[in-house]
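# Architecture and fold: a report
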Amino acid sequence: MLLNPGAKFDYDRRQLSYPHIRLAYWAGGNPFHHHQDLARLRQAFCQLDTFTVHESAWTATARHADIVLPATMTLEREDVGGAPTDRHLIAMQLVAAPYAEARDDYTIFSELARRLGREEAFTEGRDARGWLQHHYHQLQQKLAAHQVPIPDFDTFWQQGVLALPQLKDGGRMINVFRADPDAAPLPTPSGKIEIFSATIASFNYQNCPGHPVWRELQQKPTADHPFWLIANQPATRLHSQLDFGDFSLSGKRDGREVCSLNPQDAARLAIADGDLIELYNDRGHVLASARVTNSIMADVLQLPTGAWYDPVDPAAARPLCRHGNPNVLTLDIGTSSLTQGCSGQITVVQVRKFRGERLLVQAFIPPH
């Protein structure tokens with residue numbers, strides 16, 4: 001969209017047009033971690049007039065922003081934690097005062113609404129604690145309708161956790177469908193279990209028929225890029241979160257991400273365990289510390305995702321990341337015309353022992 005304003009694109013068989021976006025406002029998330037082909041992503045964000053980011057740390061996304069609004073971390077704000085798959089409601093109490101000028105997102109939005117003359121419409125007269133109490137009261141009312149009492153908000157906040165009642169589902173939707181398919185159809189176009197979708201088939205997308213198929217990857221190893229690269233989830237952090245923390249750093253070598261390769265490949269390329277290696281393809285270059293191990297197949301490299309993007313030259317067409325972010329190398333394509341899922345877990349690369357000047361990682365050094 002950012003690179004092609006006005007261009008046509010397909011969406012569920014309809015053809016729509018990309019708008020011309022002038023401003024992006026990013027609160028939560030780190031696209032310069034999780035997106036692919038980071039040089040292309042930077043080119044896209046450079047099309048914006050203004051890029052505003054809420055952040056609690058100097059991520060690569062924050063470094064690309066025109067305006068950075070310092071946001072509190074989870075431990076510096078009040079909230080309520082819960083999930084549809086978790087029976088517990090957690091009172092997330094303030095542990096530490098906000099650092100320096102950091103504010104919680106709600107306070108930031110409230111201040112912006114005030115400057116736009118819409119504070120009352122946005123806040124409805126409530127501060128952050130007031131909204132927590134309001135939502136909790138709504139939960140109380142819903143549970144009361146099922147004759148399930150829960151304590152008042154102050155009691156919940158003091159005790160810290162609330163165990164919610166559980167409904168024993170036991171395959172409820174499928175059971176009632178099986179008992180009477182006409183009276184309890186499934187939420188599909190046919191009301192039945194669909195192995196073949198006539199709706200999807202009618203889109204006539206070559207790469208997405210109406211039934212499950214095995215599709216070969218568009219990219220394959222070549223003489224120039226003979227290795228498969230597997231960009232797996234890391235063991236020492238969630239995605240890229242708290243990559244600067246001690247536990248995440250404990251899995252690195254010399255502050256750099258570790259790339260695993262097979263001993264046969266290492267011997268052929270004169271790479272020893274602990275060597276600084278360079279992975280590269282048509283999209284860029286990445287430095288990593290070599291880990292020689294039999295747990296990896298020959299002709300395969302494994303480099304976990306999540307190392308904060310640390311380019312030597314951010315404006316380079318094929319940037320070199322000192323830290324080891326594999327999304328410098330991955331291809332920015334959707335899994336199909338319909339799903340547009342992420343295809344960043346695998347790509348093809350070349351690898352060699354790095355012969356250049358030993359570059360220090362600067363991903364966690366704040367800008368001036």
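Everything in this summary refers to the structure shown in the same document.

With that settled, the discussion passes to the pattern of salt bridges. Under the definition given, this model contains 17 salt bridges. A salt bridge links Asp243 to Arg237; the shortest N-O distance between them is 3.2 Å. Exposure class is identical for Asp243 and Arg237. Each is buried. Of the charged contacts in the structure, one is a salt bridge between Glu257 and Arg237, with a shortest N-O distance of 2.9 Å.

Our next topic: the environment of Leu132. Looking at the element boundaries, Leu132 is found in helix H6 (residues 128–144). Leu132 gets classed as buried once you look at its relative accessible area, which sits at 12%. Each C-alpha atom, one on Leu132 and one on Asp79, is 7.0 Å from the other, the two residues being 53 residues apart in sequence. Excluding anything up to four places from it in sequence, Leu132 contacts Glu78, Asp79, Val80, Phe153 and Trp157.

Residues of helix H2 (residues 38–45) that are buried: Leu38, Ala39, Leu41, Ala44 and Phe45. Each element contacted by the buried residues of H2 is listed here: strand S3 (23–27), helix H1 (31–34) and strand S4 (50–55).

A word on the packing of aromatic side chains. As enumerated under the stated definition, the model contains 17 aromatic pairs in all. Ring geometry for Trp26 against Phe45: centres 6.2 Å apart, planes inclined by 65 degrees, an arrangement best described as edge-to-face. You can see Trp26 sitting in strand S3 and its partner Phe45 sitting in helix H2, a full 19 residues away along the chain. Owing to a relative accessible area of 26%, Trp26 belongs among the partly exposed residues under this scheme.

Next up on the list: the side chain of Asp243. For Asp243, the location among the structural elements is in the loop between strand S9 (227–230) and helix H10 (246–249). Here Asp243 falls in the buried class, since its relative accessible area comes to 0%. A polar contact is formed between the side chain of Asp243 and the side chain of Ser248, at a distance of 2.7 Å. Excluding residues that lie within four positions of it along the chain, Asp243 makes contacts with Arg237, Ser248, Leu249, Lys252, Gly306, Ala307, Trp308, His323 and Phe364.

What follows concerns unusual backbone geometry. In this structure, Asp37 takes a positive phi of about 50 degrees despite not being glycine. Phi is positive for Asp254, close to 55 degrees, though the residue is something other than glycine. Looking at the secondary structure, you find Asp254 in the loop between H10 and strand S10 (258–261).

Cut-offs used in this document
Residues numbered from 1 in each chain as written. Predicted model: local features only at pLDDT ≥ 70, side-chain atom pairs only at ≥ 80, totals over all residues. Heavy atoms only, no water. Salt bridge = Lys/Arg side-chain N within 4 Å of Asp/Glu carboxyl O. Buried < 20%, exposed > 50% of the residue type's maximum accessible area, 1.4 Å probe, protein only. Helix = DSSP H or I, 4+ residues; strand = E, 2+ residues; numbered from the N terminus. Contact = heavy atoms within 4.5 Å. Phe/Tyr/Trp six-rings, centres within 6.5 Å; stacked < 30°, edge-to-face > 60°. Polar contact = N/O pair within 3.5 Å; in protein donor to acceptor, adjacent residues only side chain to side chain.

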